[in-house]
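Spelled out from the first residue to the last, the chains are:
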Amino acid sequence: MAEPKTTEYVVPQSVGEAVEALSESPKARVIAGGTDLMVGMREGHVHPTRLVDITRIQELIGISTQNGSLRIGAATKIDEILHHPTVRSEYPALVDAGQLLGGWQIQNMATLAGNLCNASPAAEMSGPLLVLDAEVEVMGPSGERRIPLGEFWTGPGKTVLEPAEILTTIVIPGKVSGRLSAYQRVDIRHSVDIALVSSAVGVELSEGKVQLARIALGAVAPTVIRVTEAEAYLQGRTLSEEVLDKVEDLAEAAAVPITDVRASAEYRSAMAGVLARRVLLLAAERG
Amino acid sequence: MLVQLKVNGRDVAAEITPAMSLASCLRTELGLTGTKLSCEVGECGSCTVLLDGKPVTSCLVPAAQTAGRSVETVEGLASDGSLHPLQEAFIKLNAVQCGFCIPGMIMAAKAALEKNANPTPEEVRFILSGNLCRCTGYQKIVEAVLLAAQEMRDHG
Ligand SMILES: Cc1cc2nc3c(=O)[nH]c(=O)nc-3n(C[C@H](O)[C@H](O)[C@H](O)COP(=O)(O)OP(=O)(O)OC[C@H]3O[C@@H](n4cnc5c(N)ncnc54)[C@H](O)[C@@H]3O)c2cc1C
Ligand code: FES
Ligand code: FES
């Protein structure tokens, strides 16, 4: 049987209109930058009959600060995030990750929410936002809800979003200071590659002692994960060799990766430990 | 459906299907075949055009998303019969072999030089890291972009 054709392209001007356009048609799909969706359609993985373009909805575009929290509109482009002064000074992990997300062309097209909604366990922006305790605001037919990012993904390509729900805003509440945050990935080549393993870290230090730590790993489990064992262990400790060794072990143990053509599970686990240690130090040195 | 946009400074209208890419629209509907299509999944950069001044891989941009916006392709570079300094430099340094990647390279380079008129070789490599070339080994391409940058600074 031939796949259903995409027969409609609608361009709502408000979130309400977009939710309506999604509710009306069960095979409707949000399109933002299209850098995942256009590929998915070309490769035959997804067959939306109606595309709902959210990139003209002004309330979904841009970055603002509000009572110490940072709000990033769903359809904000990665390139815009990379150049935002507050992001650059307060949330360096987001800059690290955004620079690795595709090449310049992709950064000009890709949106932040698209990266999160695509729900790849290797998605670049997921780890940094997770260590910043980010939350997402979602709008659907039955109203608005706010979801901690840690509860947003349920598996590769899967989120808790209902079919007609739209992610509208990514909120960084400011409970975790992002100043000492960093992100790195292990990859084969820049621009057209995805992470074999990635790690994001946020720490708060006082006189050399860890007050709070957040460690995330990407591409080593069905979703991006936090290494809560290492976070708890770090509490009150200084970053000595011995402590870093232990963090490395805990991160390696938390990883449950798969083997594929790009790397073996053993390699990914080992690199998860190495990266967590390296990125923790990198974050701490930003002080 | 009909989409109206600006291409190389001219208002145009094209009849498109809802999921059609900007690259296909340019090539098949508007006859602008200078923009090349290869991988069609965003990885090679040969379809790079400027959308509102920024480089994008046009194989992934829904044509419908360009309504009312401004697109620049390699066909828009030469003016009054004279080539753009980037085109001149690529020819002068023989930075072209089969030529397939060159329109995309030149469009990405053009946007890069508008942001930074005096890039280092490293910066040029970084900016072109989303554009693949299977022939030249890149060295001459980087040299050509640097030469063009100098020409544009000297005679800008
Ligand atoms: C060449 C290339 C290189 C890439 N490199 C990287 C990389 O290094 N790292 C990386 O992480 N990713 C990479 N990607 C993947 C992709 O660019 C990113 O995931 C990007 O952020 C997706 O955003 P988008 O706006 O293009 O999403 P789209 O393709 O428009 O949408 C992606 C998915 O999310 C849904 N969606 C989008 N926005 C919303 C919303 N607001 N509410 C509900 N659902 C929504 C769509 O329906 C779709 O299912 C690459 C892609 C390409 C083509
Ligand atoms: S054809 Fe568009 S990036 Fe390869
Ligand atoms: S000159 Fe042939 S691909 Fe670049």
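Residues numbered from 1 in each chain as written. Chains lettered and ligands numbered in written order. Predicted model: local features only at pLDDT ≥ 70, side-chain atom pairs only at ≥ 80, totals over all residues. Heavy atoms only, no water.

S.K.: Please clarify how the overall build of chain A should be interpreted in this entry.
M.R.: Summing up its helical and strand segments, chain A has eleven helices and 14 strands in all. In chain A, buried positions account for 58% of the 287 residues. Here the analysis covers contacts within chain A between residues at least 6 apart in sequence; of these, 60% occur between residues at least 24 apart. Only carbon and sulfur atoms are counted for the fraction: they give 50% of the accessible area of chain A, which is about 11900 Å². With 26 positive and 36 negative side-chain charges, chain A shows a separation of 2 Å between the mean positions of the two kinds. (Helix = DSSP H or I, 4+ residues; strand = E, 2+ residues; numbered from the N terminus. Buried < 20%, exposed > 50% of the residue type's maximum accessible area, 1.4 Å probe, protein only. Contact = heavy atoms within 4.5 Å. Areas by Shrake-Rupley, 256 points an atom, 1.4 Å probe, with all protein chains shown as cover. Lys, Arg positive; Asp, Glu negative; His and termini not counted. Charge placed at Lys NZ, Arg CZ, Asp CG, Glu CD.)

S.K.: Can you help me understand the layout of surface pockets in this one?
M.R.: In this approach, a probe sized like a water molecule rolls over the atoms, and the result shows the empty space that is left. In this structure, the second largest pocket occupies an estimated 440 Å³ of space. What lines the second largest pocket is a set of 22 residues, and nearest its centre among them are His83 and Trp104 of chain A together with Lys115, Phe126 and Ile127 of chain B. Looking at the lining of the second largest pocket, the elements that each hand over two or more residues are α3 (78–82) and α6 (104–109) of chain A together with α3 (102–115) and α4 (121–127) of chain B. Per-element tally for the lining of the second largest pocket: the top contributor is α4 of chain B, with four residues. Residues that form the lining of the second largest pocket fall into these classes: nine nonpolar, nine polar and four charged. (1 Å grid on protein atoms, 1.4 Å probe; cavity = no way out; pocket = protein on both sides within 12 Å on 5 of 7 lines; lining within 4 Å. Points joined across faces, edges and corners; volume = space filled by probe spheres on them. Nonpolar A, V, L, I, M, F, W, Y, C, P; charged D, E, K, R; others polar.)

S.K.: Please clarify how the sheet that holds strand β3 (residues 50–53) of chain A should be interpreted in this entry.
M.R.: In a beta sheet, neighbouring strands pair by backbone hydrogen bonds and run either parallel or antiparallel. Residues and elements named next belong to chain A. The three strands lie next to each other as β1-β3-β2, forming an open sheet whose pairing is parallel. Of all the strands in the sheet, just β1 (8–10) and β2 (28–31) have a single pairing partner and so form its edges. With direction set aside, neighbouring strand axes in the sheet form an average angle of 25°. Direction of pairing for β1 relative to β3: parallel, over a ladder of three bridges. Across the sheet, residue tyrosine 9 finds its bridge partner in β3, namely leucine 51. Against the sheet, helix α1 (residues 15–24) contacts β1, β2 and β3, and its axis sits at roughly 170° relative to β3. (Pairing = 2+ DSSP bridges. Axes fitted to C-alpha atoms, helices over the stretch in contact; angles between N-to-C directions.)

S.K.: Before we go on, may I ask you to explain the interface of chain A and chain B in this structure?
M.R.: The extent of an interface is frequently quoted as the accessible surface area lost upon association of the parts. Contacts between the two partners involve 29 residues from chain A and, on the opposite side, 34 residues from chain B. Counting each side, the surface lost to burial between chain A and chain B is near 2400 Å², with a carbon and sulfur contribution of 59%. For the pair chain A and chain B, the number of links is two salt bridges. The partner of lysine 54 of chain B in a salt bridge is aspartate 79 of chain A, and the shortest N-O contact between them spans 3.1 Å. The interface formed by chain A and chain B holds ten residue pairs in polar contact (both at pLDDT 80 or more) in total. Listed by contribution, the elements that provide at least two residues to the side of chain A that touches chain B are β1, α2 (37–42), β3 and α6 of chain A. Tallied by class, residues from the side of chain A that touches chain B come to eleven nonpolar, eleven polar and seven charged. (Buried area = accessible area lost by both parts, 1.4 Å probe. Salt bridge = Lys/Arg side-chain N within 4 Å of Asp/Glu carboxyl O. Polar contact = N/O pair within 3.5 Å; in protein donor to acceptor, adjacent residues only side chain to side chain.)

S.K.: I keep staring at the site of ligand 1 and nothing clicks. Help me out?
M.R.: Taken together, 34 residues sit near ligand 1, with Val30, Thr35, Asp36, Thr111 and Glu124 of chain A positioned nearest. Around ligand 1 the close residues trace back to chains A and B. Residue leucine 37 of chain A places a main-chain N or O atom 2.7 Å away from an oxygen atom belonging to ligand 1. For ligand 1, whose accessible area on its own is 990 Å², the fraction buried by protein is 94%. At the level of elements, β2, α7 (112–117) and β10 (166–172) of chain A are the ones that each hand at least two residues to the shell around ligand 1. By residue number, the principal contributor to the shell around ligand 1 is α7 of chain A, which donates four residues. (Near = heavy atom within 4 Å.)

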